[in-house]
Amino acid sequence: MRHIVCVVGARPNFMKMAPLLRALDAYPHLQATLVHTGQHYDANLSDVFFDELDMRKPDISLGVGSGKHGQQTARVLECFEEVLERGAEDGQSYERVVVVGDVNSTMAAALAAVKLGIPAAHVEAGLRSFDRTMPEEINRIVTDSISDVLLVSEPTGMENLRREGHAEDQLHLTGNVMIDTLRSLLPRARSLDTLGRYDLTPREYALVTLHRPANVDSPEVLGRLLDVLIEVSENLPVVFPVHPRTARRMQEFQLADRFQSTAGVIQLPPLGYLDFLALSSQAKVIVTDSGGLQEESTALGVPCLTMRANTERPVTVNQGTSTLIGNDAEKLRRHLREVLGGSYKPGQCPELWDGRAAERIARVIVESLDR
Ligand code: UD1
């Protein structure tokens, strides 16, 4: 038996790991231990995804919880190192650690592994926003620089990694594993009555998410963004499932009452995967600062106005349906007019976002064990 460890920590990790874990479990000689760091712990940011994505429960939960970057990273390092030192159940050591995405848990788990001499494989490697004020950019740079196997979702990722000096045999353009989950669950999501529950008509609402520190941690920036959304809601109902970080900031900055009492705004708690996919796949337009949603909207062919000045996923802009808006209200208005007037770019789905990425990634990881 060959033993590996797969690590998840926060919401965007689950939809990437679920299909990959199934593909790895299909190899009879491979035993994959699933570790959940507990970076996200609320039921609606974590448990609901295990049920809906049909992912087996974690074998080990570290319960690290929230905290400042240093604290959270340090807790994962300490707890995960212990897991690795204990080794697999039958006393054998782990041969590979598989991490996904760019959250603090991703970087910390990869670091703990390589320091113990266990090579790391990074899924969604090579993405770069070139904006080092984003915590995720630091996580991406560190994780890639210490990982042995780099599994890449879009061509710019390959270019970035080559420029950073990685050897060609470390790089694998395997496609977008999160889109595997989207393609397999889209029919189920569309069969739900999510829109009916909120009295929405297909293609007649905007779906909004905002949670990045750069957008929500300053009262001026968040206030300005909410003003723009209030304006949008005069023409198009705005559905906004609010991340806990954003909810806390809206209260703190006394922005919550005015926003919630706006007639066209439907504020919701964070949703599960299926309800959210039901909403995203039938929206007229998506307004977001999420990385994953930029990709999902491109795969779905839904216009995406991205409330960021840059993106680590340029294929969603160059080929897909996303446009970078920053926090420029006038630019948002202009592109909304295009969407509503039917002249917004149609976009196309990038290569290898075909629902088969997990198989390709699993094959690379399994083959890498014998190199
Ligand atoms: C994290 C990721 C981000 C990802 C996002 C998706 C990092 C650096 N950031 O950001 O890349 O896009 O997840 O959601 O890893 N909280 C809860 N319940 C939870 C978890 C968090 O209420 O289950 C609240 C806490 O107040 C916490 C805050 O959200 O302090 C932030 O959580 P944290 O995990 O630090 O980062 P996210 O903003 O969720």
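Along every chain, residues carry numbers that run from 1 in the direction the sequence is written. Local features in this predicted model are restricted to residues of pLDDT 70 or higher, and side-chain atom pairs are both shown and tallied only at a pLDDT of 80 or more, whereas totals for entire chains, interfaces and linings draw on every residue. The side-chain numbers reported here are obtained from all heavy atoms of the structure, hydrogens and water having been left aside.

Engineer: Explain the site of the ligand to me, and be specific about the residues and the numbers.
Structural biologist: Think of it this way: one heavy atom of a residue within 4 Å of a molecule or strand is enough to make that residue near it. As a structural note, the neighbourhood of the ligand is formed by 19 residues, with Q39, H40, N104, E136 and R248 the closest of them. Counting of polar contacts relies on pairs of N or O atoms within 3.5 Å, with two restrictions inside protein: one atom must be capable of donating a hydrogen and the other of accepting it, and residues adjacent in sequence are counted only when both atoms are side-chain atoms. Between the ligand and the protein, one listed contact pairs an oxygen atom with a side-chain N or O atom of H40 at 2.7 Å. Within the contact set of the ligand, an oxygen atom lies 2.4 Å away from a side-chain nitrogen or oxygen of R248. Methods summary: accessible areas were calculated by the Shrake-Rupley approach with a probe of 1.4 Å, and residue burial reflects only the protein chains presented. Protein coverage of the free-state accessible area of the ligand, which is 740 Å², stands at 89%. Segments assigned H or I by DSSP are reported as helices when at least four residues long, segments assigned E as strands when at least two residues long, and all are numbered from the N terminus. Ranked by residues supplied to the shell around the ligand, first place goes to helix 11 (residues 244-252) with three residues. By the convention adopted, Pro, Cys, Tyr, Trp, Phe, Met, Ile, Leu, Val and Ala count as nonpolar, Lys, Arg, Asp and Glu as charged, and the other residues, Gly among them, as polar. Among the residues making up the shell around the ligand, the classes are represented as six nonpolar, eight polar and five charged.

Engineer: Now, about the sheet that holds strand 3 (residues 60-61): what can you tell me, with residues and values included?
Structural biologist: The strand order across the open sheet formed by seven strands is 3-2-1-4-5-6-7, and the pairing between neighbours is parallel. The open sheet has two edge strands with one neighbour each: strand 3 and strand 7 (171-173). For two strands to count as paired, DSSP must find a minimum of two bridges between them. Relative to strand 5 (residues 120-125), strand 4 (residues 96-100) runs parallel, the two sharing four bridges. Residue pairing across strands places V99 opposite H122, the latter belonging to strand 5. The contact rule is simple, with two residues in contact once any of their heavy atoms fall within 4.5 Å. Only the stretch in contact is used when a helix axis is fitted, and all axes are lines through C-alpha atoms; the angle between N-to-C directions ranges over 0 to 180 degrees. Of the strands in this sheet, strand 1 (2-8), strand 2 (30-36), strand 3 and strand 4 are in contact with helix 3 (residues 69-86), which crosses strand 1 at around 165 degrees.

Engineer: Tell me about the packing of helix 10 (residues 219-232) against helix 16 (residues 329-341), residues and numbers included.
Structural biologist: In contact at an axis separation of 10 Å, helix 10 and helix 16 are set at 25 degrees when each is read in the N-to-C sense. Considering the angle they form, helix 10 stands roughly parallel to helix 16. The two elements helix 10 and helix 16 meet at a crossing, and its hand is right-handed. Of the residues in helix 16, those in contact with V228, E231 and V232 of helix 10 are A329, L332, R333 and L336. Within the contact of helix 10 with helix 16, the residues separate by chemical class into five nonpolar, no polar and two charged. Any angle that falls under 35 degrees is termed roughly parallel, while one over 145 is termed roughly antiparallel, one within 65 to 115 roughly perpendicular, and all others oblique. Handedness of a helix crossing follows the sense of rotation of the near helix relative to the far helix, less than a right angle counterclockwise being left-handed and clockwise being right-handed.

Engineer: Mind laying out the sheet that holds strand 12 (residues 304-306), listing which residues take part and the relevant values?
Structural biologist: The six strands are arranged 10-9-8-11-12-13 in an open sheet whose pairing can be described as parallel. A single partner strand is all that each edge strand has here, and the edge strands are strand 10 (265-268) and strand 13 (322-324). The sheet shows a mean angle of 20 degrees between the axes of neighbouring strands, taken without regard to direction. Sheet topology note: the strand 8 (residues 206-209)/strand 9 (residues 238-241) ladder contains two bridges and is parallel. Residue pairing for strand 9: L207 is matched across the bridge by V239. Helix-sheet contacts for helix 13 (residues 273-282) involve strand 8, strand 9 and strand 11 (285-288), and the interaxial angle to strand 8 is about 130 degrees.

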